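# Geometric and topological summary
Below, each chain spelled out in residue letters.
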Amino acid sequence: MRAQFVLSEIGVGLRRNLTMTFAVIISVALSLALFGSAVLLSKQVGTMKDYWYDKVNVSIYLCNKNDARISKQCSKGAVTGGQKEEIKTELEKMEIVDKIHYESAEQAYKRYKESYGDTPLADTITPDQMPESYRVKLHDPEKYAVVETAFAGRAGVQSVEDQRDILANLFDLMKGMNRAAIALMSLMLLVALMLIVNTVRVSAFSRRRETGIMRLVGASSFYIQLPFILEAAIAGLLGGLMAAGMLIAGRYFLIDHGLALADKMPLINFIGWDAVAATLPLVVVIGLLMPALAAFVALRKYLKV
């Protein structure tokens with residue numbers, strides 16, 4: 001009988017405040033969709049870092065005869081065979097070094113022509129203008145400074161460059177987008193909580209006669225509050241499920257059948273469905289618990305009046 005009464009009260013409450021309940025569902029759905037997007041975007045940044053940092057190299061560019069004329073660092077002349085062998089030997093002794101690849105001026109020129117052969121500047125470049133280099137892959141790319149400290153400023157070395165710098169702007173942009181999503185999510189979450197509190201109080205006020213009778217016959221405070229809490233939880237659960245649907249649709253249409261199609265963005269390693277699947281339960285659980293807790297806190301003081 002008690003369960004039947006609680007269920008009937010939930011149905012009454014949802015019908016009486018249908019418009020506000022719908023507003024709660026939409027607000028919760030939007031805020032949780034933004035929350036899920038922020039979580040997935042954070043995972044995307046981490047995945048891209050792992051993917052690209054594993055591929056980038058530390059490049060040690062060596063002086064050539066052209067650099068000796070225009071570069072102060074190479075003022076002592078082009079790199080010698082002995083200097084190249086010394087650099088290679090020291091690199092091989094470093095524990096942080098995984099692989100070493102020597103690129104000659106001819107190889108550098110060939111790679112340059114393959115990448116920029118259709119540009120006007122490509123016709124003015126000759127093989128003797130391209131620097132020789134050692135491309136060094138590290139076990140831990142974060143320890144680039146060790147290589148830079150060891151070889152920067154050395155005779156025969158023009159410069160030491162970390163290719164991660166090329167990706168820094170991209171990662172900063174994605175982090176900025178993530179922070180913007182979190183800020184917007186916080187605003188939507190605040191709006192959703194205010195709607196939940198107001199909806200619960202309006203529902204309680206419209207049924208103040210019933211709750212007064214229940215208090216007179218000895219019903220506990222929790223039993224009186226339970227229908228209102230469950231109403232909020234149901235609305236939040238529907239919002240959470242709607243948010244989960246938005247995330248699934250976003251992954252399917254934007255990535256599987258959008259950005260990832262036809263090699264439109266071949267340089268980005270997108271997160272998989274496993275990351276989405278791991279985020280969905282969190283979104284649904286928050287959608288269920290957040291309105292229930294908000295209703296419980298709002299009713300504790302209100303029903304005592």
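Look a little higher up for the structure.
Residues numbered from 1 in each chain as written. Predicted model: local features only at pLDDT ≥ 70, side-chain atom pairs only at ≥ 80, totals over all residues. Heavy atoms only, no water.

Further remarks concern the overall build of the protein. Across its full length, the protein holds 10 helices and 4 strands. In the protein, the order of α-helices and β-strands from amino to carboxyl end is α-α-β-α-α-β-α-β-α-β-α-α-α-α. Within the protein, contacts between residues at least 6 apart in sequence are counted, and of these 83% link residues at least 24 apart. Accessible area for the protein stands at about 17400 Å²; split by element, carbon and sulfur atoms hold 63% of it. (Helix = DSSP H or I, 4+ residues; strand = E, 2+ residues; numbered from the N terminus. Contact = heavy atoms within 4.5 Å. Areas by Shrake-Rupley, 256 points an atom, 1.4 Å probe, with all protein chains shown as cover.)

This part takes up the pattern of salt bridges. Summed over the entire model, instances satisfying the criterion amount to 5 salt bridges. Note that K137 is salt-bridged to D98, the shortest N-O span being 3.7 Å. With K137 in strand β3 (residues 133-138) and D98 in strand β2 (residues 97-103), this residue pair connects regions lying 39 residues apart in the sequence. Taken together, the shared-partner salt bridges connect E86, E90 and R154 into one network. (Salt bridge = Lys/Arg side-chain N within 4 Å of Asp/Glu carboxyl O.)

A few words now on the packing of aromatic side chains. Summed over all chains, the structure comprises 2 aromatic pairs. Taking the centre distance of 5.4 Å and the plane angle of 55° together, the rings of Y102 and Y134 count as tilted. Taken together, the residues Y102 in strand β2 and Y134 in strand β3 connect sequence positions 32 residues apart. Looking at Y134, the relative accessible area reads 4%, which means it is buried. Between R251 and the ring centre of W273, over which it is positioned, the NZ or CZ distance is 5.2 Å. (Phe/Tyr/Trp six-rings, centres within 6.5 Å; stacked < 30°, edge-to-face > 60°. Buried < 20%, exposed > 50% of the residue type's maximum accessible area, 1.4 Å probe, protein only. Lys NZ or Arg CZ within 6 Å of the ring centre and 35° of its normal.)

Time to look at the sheet that holds strand β4 (residues 157-162). Spatially, the 4 strands line up as an open sheet ordered β2-β3-β1-β4, and their pairing is antiparallel. Two strands close off the open sheet at either side, each with one partner strand: β2 and β4. Across this sheet, the average inter-strand angle for adjacent strands is 15°, counted without regard to direction. Bridge analysis of strand β1 (residues 58-62) against β4 gives 5 bridges, and the strand direction is antiparallel. (Pairing = 2+ DSSP bridges. Axes fitted to C-alpha atoms, helices over the stretch in contact; angles between N-to-C directions.)

All right, on to helix α6 (residues 144-151) then. Since the α-helix advances by 3.6 residues per turn, residues separated by three or four positions end up pointing in the same direction. Where α6 is concerned, the buried positions are Y144, V147 and F151. In an axial view of α6, the angular spread of the buried residues amounts to 70°, which keeps them on one side of the axis. Just beyond α6, the residue with positive phi is G153, at close to 85°. (Arc of directions from axis to C-beta.)

This brings us to the side chain of E132. By the element assignment, E132 lies in the loop between α5 (105-116) and β3. When near neighbours in sequence (up to four residues on either side) are disregarded, E132 contacts I60, Y61, L62, V79, K84, Y102, E103, S104 and A105.

The next point concerns the nonpolar core. Ranked by internal contacts, the top residues of the largest apolar core, which has 29 residues, are V28, L40, I196, V200 and V283. Counting residues per element, the ones that place at least two in this core are α2 (18-53), α7 (164-206), α9 (221-259) and α10 (273-302). For this core, the element with the highest residue contribution is α10, accounting for 9 residues. Excluding anything up to four places from it in sequence, V28 contacts A192, I196, G236, G239, G240, G287 and M290. (Core = buried A, V, L, I, M, F, W, Y, C linked by side-chain atoms within 4.5 Å.)

Turning to helix α4 (residues 81-93), a few remarks are in order. Here α4 is 13 residues long and its end C-alpha atoms lie 19 Å apart, about the 18 Å a rise of 1.5 Å per residue gives. For α4, the full list of buried residues reads K84, I87 and L91. Summarising the axial view, the buried residues of α4 lie within an arc of 65°, below the 170-degree limit, and thus occupy one face. Within α4, the exposed residues directed more than 90 degrees away from the buried face are E92 and K93. Elements that come into contact with the buried residues of α4 comprise β1, β2, β3, α6 and β4. (Expected span 1.5 Å × (residues − 1).)

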